[in-house]
Amino acid sequence: MDIILILTILVVVFALAFDFINGFHDTANAIATSVSTRALKPRTAIMMAATMNFVGALTFTGVAKTITKDIVDPFLLENGSLVILAALVSAIIWNLVTWYFGIPSSSSHALIGSIAGAAISAAGFGILNYSGFIKIIQALILSPIIALVGGFIVMTLLRAVLKNRNLFKANKRIRYMQIGTAAIQSFTHGTNDAQKAMGIITMALIAANLQTSDDIQLWVRIAAATAMGIGTSIGGYKIIKTVGGKIMKIRPIHGIAADLNSAAIIFSATLLHLPVSTTHVISSSIMGVGSAQRLKGVKWGVAQKIVLTWVITMPISALVAAIVYQILHQLMKFIM
């Protein structure tokens, strides 16, 4: 069998593995608030999230096309299949390490940093599509800041609306509303995060000369959506614990404010074809909501840990991907 075809098959397998891991790693963020407020039982929330993630993943392709062509041009990338495989291995390693320690890191940061690191290792800094790459970095940096401010504003408005009402009764009603917001949150997660694996597979198909455009084939969309849905069904209880309880004590009113704010930001990014970190958007929304309620109510030590992970994920992933590429490249030379 042709070595390029073997590498392409491996990329597809690893991309779906990444999507699967992304499902149980990141989906926890989408349902953390509804589980923490007991609006939904964990297993019920996870199954609902799996379904909505699947539906969201099949609905849009704009983010997938951004991943395909805006970091590096797959039509110009030599050893493209090897570069993409190295990037996936690096991103998967980082996702598993952070999942094991219960750290809500960003799969998006890991994947984008890994693609850049592997490509630079293969062809130098000139291979990067700087206009597209900078646009992606700006979206990744600005979205959590917007989420933080938005969470503060949404919570402030909700407090003003509910100030003359019995908070206990309001929380009881809002707990039921959280079922809907958790579903919306999971849907928007699928519209953005699942598309990253679709973009990676499409890059590999182009690099192997098996595809001549950046269109996302139907089988790629179905495969990625299914992988994320299955991963979601397994769940990520460690991440739920960190996002849903360790940042602040969450009540139903906080959960609905954070869910609505983060879902709006993620879906807006999807419509703009921009990949964002759903992890950091949701975590930042919760911090913004907590700040509006009471600054001291936010456990800023945990928040600081999340921000630190946010900062270091991309450079570490890029470095790991560069090393993995060189190892795979030498291995290919030995085999051939």
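Please refer to the structure higher up on the page.
The present account deals with the structure reproduced in this document. (Residues numbered from 1 in each chain as written. Predicted model: local features only at pLDDT ≥ 70, side-chain atom pairs only at ≥ 80, totals over all residues. Heavy atoms only, no water.)

**Re the nonpolar core**
Right, so step 1: One finds Ile71, Val72, Leu88, Ile112, Ile115, Met198 and Ile200 to be the most contacted residues of the largest nonpolar core, which totals 55 residues.
Right, so step 2: Broken down by secondary-structure element, the contributors of at least two residues to this core are α1 (3-36), α3 (62-69), α4 (80-100), α5 (107-123), α6 (130-162), α7 (167-207), α8 (218-234) and α12 (300-335).
Right, so step 3: The element that contributes the greatest number of residues to this core is α4, accounting for ten residues.
Right, so step 4: The contacts of Ile115, once residues within four sequence positions are left out, are Ile67, Ile71, Val72, Val83, Ala87, Ile200 and Met203.
Right, so step 5: Counting residues in each nonpolar core, the second largest holds 15 residues, with Met155, Ala258, Ile266 and Ile282 among its members. (Core = buried A, V, L, I, M, F, W, Y, C linked by side-chain atoms within 4.5 Å. Buried < 20%, exposed > 50% of the residue type's maximum accessible area, 1.4 Å probe, protein only. Helix = DSSP H or I, 4+ residues; strand = E, 2+ residues; numbered from the N terminus. Contact = heavy atoms within 4.5 Å.)

**Re unusual backbone geometry**
Right, so step 1: Its identity is not glycine, yet Asn79 carries a phi of approximately 55°, on the positive side.
Right, so step 2: Position of Asn79 relative to the elements: it lies in the loop between α3 and α4.
Right, so step 3: Judged by its relative accessible area of 41%, Asn79 falls in the partly exposed class.
Right, so step 4: If you check the backbone angles, His273 has positive phi at about 65° while not being a glycine.
Right, so step 5: You can see His273 is positioned in the loop between α10 (252-271) and α11 (278-293).
Right, so step 6: Looking at His273, the relative accessible area reads 42%, which means it is partly exposed.

**Observations regarding the packing of α4 against α5**
Right, so step 1: Relative to each other, α4 and α5 sit at 145°, their axes nearing to 8 Å. Crossing handedness for the pair α4 and α5: right-handed. Every residue of α5 that contacts α4 at Val83, Ala86, Ala87, Leu88, Ser90, Ala91, Trp94 and Asn95 is listed here: Ser107, Ala110, Leu111, Ser114, Ile115, Ala118, Ala119 and Ala122.
Right, so step 2: In terms of residue class, the contact of α4 with α5 is built from twelve nonpolar, four polar and no charged. (Axes fitted to C-alpha atoms, helices over the stretch in contact; angles between N-to-C directions. Left-handed = near helix turned anticlockwise from the far one by under 90°. Nonpolar A, V, L, I, M, F, W, Y, C, P; charged D, E, K, R; others polar.)

**Topic: the pattern of salt bridges**
Right, so step 1: Under the criterion given, the structure shown has four salt bridges.
Right, so step 2: The residue Lys69 makes a salt bridge to Asp70 at a minimum N-O spacing of 3.4 Å.
Right, so step 3: The salt bridge partner of Asp70 is Lys135, with a shortest N-O separation of 3.0 Å. One end of the pair, Asp70, is in the loop between α3 and α4; the other, Lys135, is in helix α6, and 65 residues separate them in sequence.
Right, so step 4: It is possible to trace a salt-bridge network through shared partners that takes in Lys69, Asp70 and Lys135. (Salt bridge = Lys/Arg side-chain N within 4 Å of Asp/Glu carboxyl O.)

**Focus: the packing of aromatic side chains**
Right, so step 1: All told, the structure shown has two aromatic pairs when counted by the stated rule.
Right, so step 2: Each ring, one from Phe60 and one from Phe267, has its centre 5.6 Å from the other, and the planes form 75°; the classification is edge-to-face. With Phe60 in the loop between α2 (42-59) and α3 and Phe267 in helix α10, the pair connects residues that are 207 residues apart, well separated along the chain.
Right, so step 3: Looking at Phe60, the relative accessible area reads 22%, which means it is partly exposed.
Right, so step 4: Owing to a relative accessible area of 28%, Phe267 belongs among the partly exposed residues under this scheme.
Right, so step 5: An angle of 45° between the planes, with centres 6.4 Å apart, marks the rings of Phe187 and Phe267 as tilted. One end of the pair, Phe187, is in helix α7; the other, Phe267, is in helix α10, and 80 residues separate them in sequence.
Right, so step 6: What links up through ring pairs into an aromatic cluster is the set Phe60, Phe187 and Phe267. (Phe/Tyr/Trp six-rings, centres within 6.5 Å; stacked < 30°, edge-to-face > 60°.)

What is shown is where atoms sit, not what they do.
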